[in-house]
Amino acid sequence: MATKISLPFLMVFLSFVGRAAADTDTIVVDYLIENGLVYDGTGAEGKILYVGVAGDKIVFVGSDKGRVAGGHKIDASGLIVSPGFIDMHTHAYNEQPDQGPYLLKSYITQGVTTVISGNDGQGPVDISAASKKLMEQGIAANMGLYVGHGSLRRKYVGLDDKPASKSEMSQMKSAVANAMKDGALGLSTGLFYTPGSFAATDEVIELAKVAAGFGGIYDSHIRDESNYNVGLLPAVAEVIEIGKEAQLPVHIAHIKALGVDVWGKSQAVIELVRQARAEGVAVTADQYPWLASGTGLTAALVPKWARDGGTEKLLLRLREEKIRHRIRNGMTENMRRRGGAASLLLTSGSKDWLGLNLEEYAAKRSSNAVDTAISIIESGGAKIASFNMLEDDVRSFMAEPWVMTSSDGGNGHPRKFASYPRKYQEYVVKQKVLTLADFIHKSTKLPAMTLQLEKRGQIKEGYFADILVFDPVAFKPNATFEKAYEFSSGVETLLVNGKPVISAGDVTRHNCCHGRILKNKGLRDSVS
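Here's what I pulled together on the structure shown here. Counting restarts for each chain: residues are numbered from 1 in the order of the written sequence. Note on the predicted model: pLDDT of at least 70 is required for a residue's local features to be given, and 80 or more for side-chain atom pairs to be given and counted; whole-chain, interface and lining totals, by contrast, use all residues. Values shown for side chains rest on all heavy atoms present in the structure; no hydrogens or waters enter the calculation.

Overview of the sheet that holds strand S16 (residues 292-296)
Logical step 1: Here the rule is simple: two strands pair whenever DSSP picks up at least two bridges between them. Think of it this way: any DSSP run of H or I at least four residues long counts as a helix, any run of E at least two long counts as a strand, and we number them from the N terminus. If you trace the 3 strands from one edge of the open sheet to the other, you get S16-S18-S17, paired in antiparallel fashion. Each of the sheet's edge strands pairs with one partner strand only, and the pair in question is S16 and strand S17 (344-346). Direction aside, the axes of adjacent strands within the sheet are offset by 30° on average.
Logical step 2: In this structure, S17 lies alongside strand S18 (residues 383-387), joined through 3 bridges in antiparallel fashion. Pairing of Leu344 across the sheet is with Ser386, part of S18. Axis geometry follows a simple rule: fit a line to the C-alpha atoms, using only the stretch in contact for helices, then measure angles between N-to-C directions, giving values from 0 to 180 degrees.

Here's what the structure looks like:
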């Protein structure tokens, strides 16, 4: 006998089923960013969207928040929402504190959620130990590390100008393999600096092949950004050759045309890279938005041959009159190449010269610039900001689709504190070299793609919640060459792996350290 079901009961039952089905579609979030103009990192224009975060992931991106429940609301009305910036070139690893958490405040206040370090051949040999220390201390942003060719050479070959022996090559190749197994993103070189400058191209190719076997990248401070030795174009060609022979992606660090003799050669470099890319070589570059580079006075001025064996042997050579005279001549030419003594701002060391350019300090000593520079080197050296770039070259490189943003952050130069807001204010807002969508793409998805970082660099469901919310008016640099240690302003909220490190414009020191060690594509984004 059929059972009769009353109409009111049926309606109640169907309503319950409907609510249950709706409940299964409800997205519960920890944070909901509302009403922001969202640039997703792909280069697309911004849209007013809601972004929901649960745990360490983005779980909702859309215009209708009807299915989203719970969570702390972040009102982004009038603000820009983008992926957190990925800084392709820093010296953060070398500047970590001995104890306590690593706040990385100069980076996070620029909107950076990931710093790449170990660049210029200076990366650690033991990636496992380095990663373990960072995670034990706690880091405010994610960090990826390169194994450094200069560090390898220093450990296994030494500081002398000589080729690596067969045994030394075997040790270095084994060390690269171990570093890659422990998560290194790839191999970095500083072929302008000693001891990396003493290595032939073949040596680098053999080590790069090892990194290639683990899906790594080759990142290089090229052998010459000017005409110190091989010249700018041959140095770029060397990077391309390494990519071809080792069969891995290659990346040119802080691309530039350095010094008066190579100003205007940006177009020739660009054509060389375009041709290589057309032939299938994966070539990219990063760039900081300043007309001054930063380096050591010794590296900038002292000829390479005089640095054979390291600082100790250089100082011995300076004590011999004939050799000192030869070194002086080389330094005079290198100073001219960089634009003269007035273009070299002294940014570290003694208070006697700090904040003066080399010409000013020489006048203060009633001496000439070269002898003054030697005196500084003999007393321990100094870092400099070297004003050596042409604005037209900077703009030309910046506009290329394969050039992304970096800071090359290091002490004594405002780029460590202000590169991203400077690029935004100077080259997006003022000069309009880039659109806002381009600027964000070159700071987020492009570096993530270059490094093959899994599920980072975009505002997209399923991706890690590294999210920046900034004020398009207040996002400004405050650091200058005179006051290099001023934090930038305008970041309202910054999430790293779904947790706030900046909230309502304030760095949350008590709950800062949600960064992870990001590893090569073979090991993915596992946490050390």
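This is not the end of the story, as more comes after the structure.
Points about the layout of surface pockets
Leftover empty space is mapped by rolling, across the atoms, a probe with the size of a water molecule.
Logical step 1: Definitions used for this entry: grid spacing 1 Å over protein atoms alone; cavity, a set of points where a 1.4 Å probe fits but cannot get out; pocket, an open set with protein on both sides within 12 Å along at least 5 of 7 lines; lining residue, one with an atom within 4 Å of a point. Grid points are joined across faces, edges and corners, and a volume is the space filled by probe spheres set on the points. Empty space within the largest pocket amounts to approximately 1,100 Å³.
Logical step 2: Considering the residues around the largest pocket, the lining is formed by 39 residues, among which Gln122, Tyr193, Thr295, Gly296 and Ala299 are closest to the centre.
Logical step 3: Of all the secondary structure elements, the ones that give two or more residues to the lining of the largest pocket are helix H4 (149-156), S16, helix H9 (297-301), helix H10 (311-318) and S18.
Logical step 4: Amino acid classes used here: Ala, Val, Leu, Ile, Met, Phe, Trp, Tyr, Cys and Pro are nonpolar; Asp, Glu, Lys and Arg are charged; the rest, including Gly, are polar. Taken together, the residues of the lining of the largest pocket break down into 10 nonpolar, 22 polar and 7 charged.

Details of unusual backbone geometry
Among all residues except glycine, the phi angle is most often negative; among peptide bonds, the trans geometry is most common.
Logical step 1: Here the amide bond leading from Thr194 into Pro195 is cis, since omega sits at 5°, within 30 degrees of zero.
Logical step 2: One can find Pro195 in the loop between strand S12 (186-190) and helix H6 (201-212).
Logical step 3: Here the phi dihedral of Asn35 falls at roughly 65°; this positive angle occurs in a residue that is not glycine.
Logical step 4: Assignment of secondary structure puts Asn35 in strand S2 (residues 31-38).
Logical step 5: The partly exposed category is assigned to Asn35, whose relative accessible area is 31%.
Logical step 6: Non-glycine residue Asp408 carries a positive phi angle of around 50°. Residue burial is assigned from relative accessible area. The probe radius is 1.4 Å, only protein chains are included, and a residue is buried under 20% of its type maximum, exposed over 50%, and partly exposed in between.

Things to note about the pairing of strand S7 (residues 80-83)
Logical step 1: Examined bridge by bridge, S2 and S7 share 2 bridges and lie parallel to one another. The residue bridging Val38 from the neighbouring strand is Val81, located in S7.

Considering the packing of H10 against helix H13 (residues 369-378)
Logical step 1: Between H10 and H13, whose axes approach to 11 Å, the crossing angle comes to 135°. In terms of orientation, H10 and H13 fall into the oblique class. Considering how the two elements wind past one another, H10 and H13 form a crossing that is left-handed. Here Leu314, Leu315 and Leu318 of H10 lie close against H13, whose contacting residues are Ile374, Ile377 and Glu378. Any angle that is under 35 degrees is reported as roughly parallel, and any over 145 degrees as roughly antiparallel; angles of 65 to 115 degrees are reported as roughly perpendicular and all others as oblique. Here is the rule for handedness: rotate from the far helix to the near one, and if that takes an anticlockwise turn smaller than a right angle the crossing is left-handed, while a clockwise turn gives right-handed. Any two residues having at least one pair of non-hydrogen atoms within 4.5 Å are treated as being in contact.

Examining the pattern of salt bridges
Logical step 1: Salt bridges are counted wherever a side-chain nitrogen of Lys or Arg sits within 4 Å of a carboxyl oxygen of Asp or Glu. What the rule picks out here adds up to 23 salt bridges.
Logical step 2: A salt bridge links Lys313 to Asp160; its shortest N-O distance comes to 3.3 Å. One end of the pair, Lys313, is in helix H10; the other, Asp160, is in the loop between H4 and helix H5 (166-181), and 153 residues separate them in sequence.
Logical step 3: As a salt-bridge pair, Asp466 and Arg456 come within 2.7 Å of each other at their nearest N and O atoms. With Asp466 in the loop between helix H17 (445-451) and strand S20 (467-470) and Arg456 in the loop between H17 and S20, this residue pair connects regions lying 10 residues apart in the sequence.

Description of empty space enclosed by the protein
Logical step 1: A complete count under the given rule lists 2 cavities of 30 Å³ or more for this structure.
Logical step 2: The space that makes up the largest cavity amounts to roughly 120 Å³.
Logical step 3: Considering every element that reaches the lining of the largest cavity, the biggest residue donor is S16, with 3 residues.
Logical step 4: A per-class count over the lining of the largest cavity returns 5 nonpolar, 6 polar and 5 charged.
Logical step 5: Considered as a void within the structure, the second largest cavity measures approximately 40 Å³ in volume.

Details of the state of the cysteines
Logical step 1: We call a pair of cysteine sulfur atoms a disulfide whenever their separation is within 2.5 Å. Per the counting criterion, the structure on display carries 1 disulfide.
Logical step 2: Paired by a disulfide, Cys512 and Cys513 hold their sulfur atoms 2.3 Å apart. On the sign convention where negative is left-handed, the bridge of Cys512 and Cys513, at about -40° about the S-S bond, is left-handed.

A few points about the packing of aromatic side chains
Logical step 1: Each pair of aromatic rings taken from Phe, Tyr and Trp, with Trp reduced to its six-membered ring, is defined by centres within 6.5 Å and is described as stacked if the planes are under 30 degrees apart, edge-to-face if over 60, and tilted in the remaining cases. All chains considered together, the criterion is met by 13 aromatic pairs.
Logical step 2: Centroid distance Trp353 to Tyr361: 5.6 Å. Interplanar angle 65°. Geometry classified as edge-to-face. As far as burial versus exposure is concerned, Trp353 and Tyr361 are alike and both buried.
Logical step 3: Ring centres 4.7 Å apart and planes at 55° place the aromatic pair Phe387 and Phe481 in the tilted group. Of the two residues, Phe387 sits in strand S18 while Phe481 sits in the loop between S20 and strand S21 (491-496), which places them 94 residues apart along the sequence.
Logical step 4: Classification of Phe481 by relative accessible area gives buried; the value is 19%.
Logical step 5: Through a chain of ring-to-ring contacts, the aromatic side chains of Phe85, Tyr420, Tyr424, Phe439, Phe470 and Phe475 assemble into a single cluster.
Logical step 6: In this structure, Lys105 packs its charged tip against the face of Phe487, placed 4.4 Å from the ring centre.
Logical step 7: Sitting over the ring of Phe464, Arg456 keeps its end group 3.9 Å from the ring centre. For a Lys NZ or an Arg CZ to count as sitting over a ring, it must be within 6 Å of the ring centre and within 35 degrees of the ring normal.

Quick look at helix H3 (residues 127-137)
Logical step 1: For H3, the set of buried residues is Ile127, Ala130, Ser131, Leu134 and Gln137. Buried residues of H3, viewed axially, fall in a sector of 135°; they line one side. The exposed set on the far side of H3, more than 90 degrees from its buried face, consists of Lys132 and Glu136.
Logical step 2: Next to the buried residues of H3 lie strand S10 (142-145), strand S11 (147-148), H5 and strand S24 (517-518).
Logical step 3: Note on H3: the residue one or two positions beyond its end, Gly138, has a positive phi of about 90°. This arc describes the spread of directions from the helix axis toward the C-beta atoms.

Re the nonpolar core
Logical step 1: Met143, Leu187, Ile252 and Leu436 are the most contacted members of the largest nonpolar core, which has 96 residues in total.
Logical step 2: In these notes, a set of buried Ala, Val, Leu, Ile, Met, Phe, Trp, Tyr and Cys residues joined through side-chain atoms within 4.5 Å is what counts as a nonpolar core. One finds Ala306, Ala341, Leu358 and Ile377 within the second-largest nonpolar core, a separate group that totals 24 residues.

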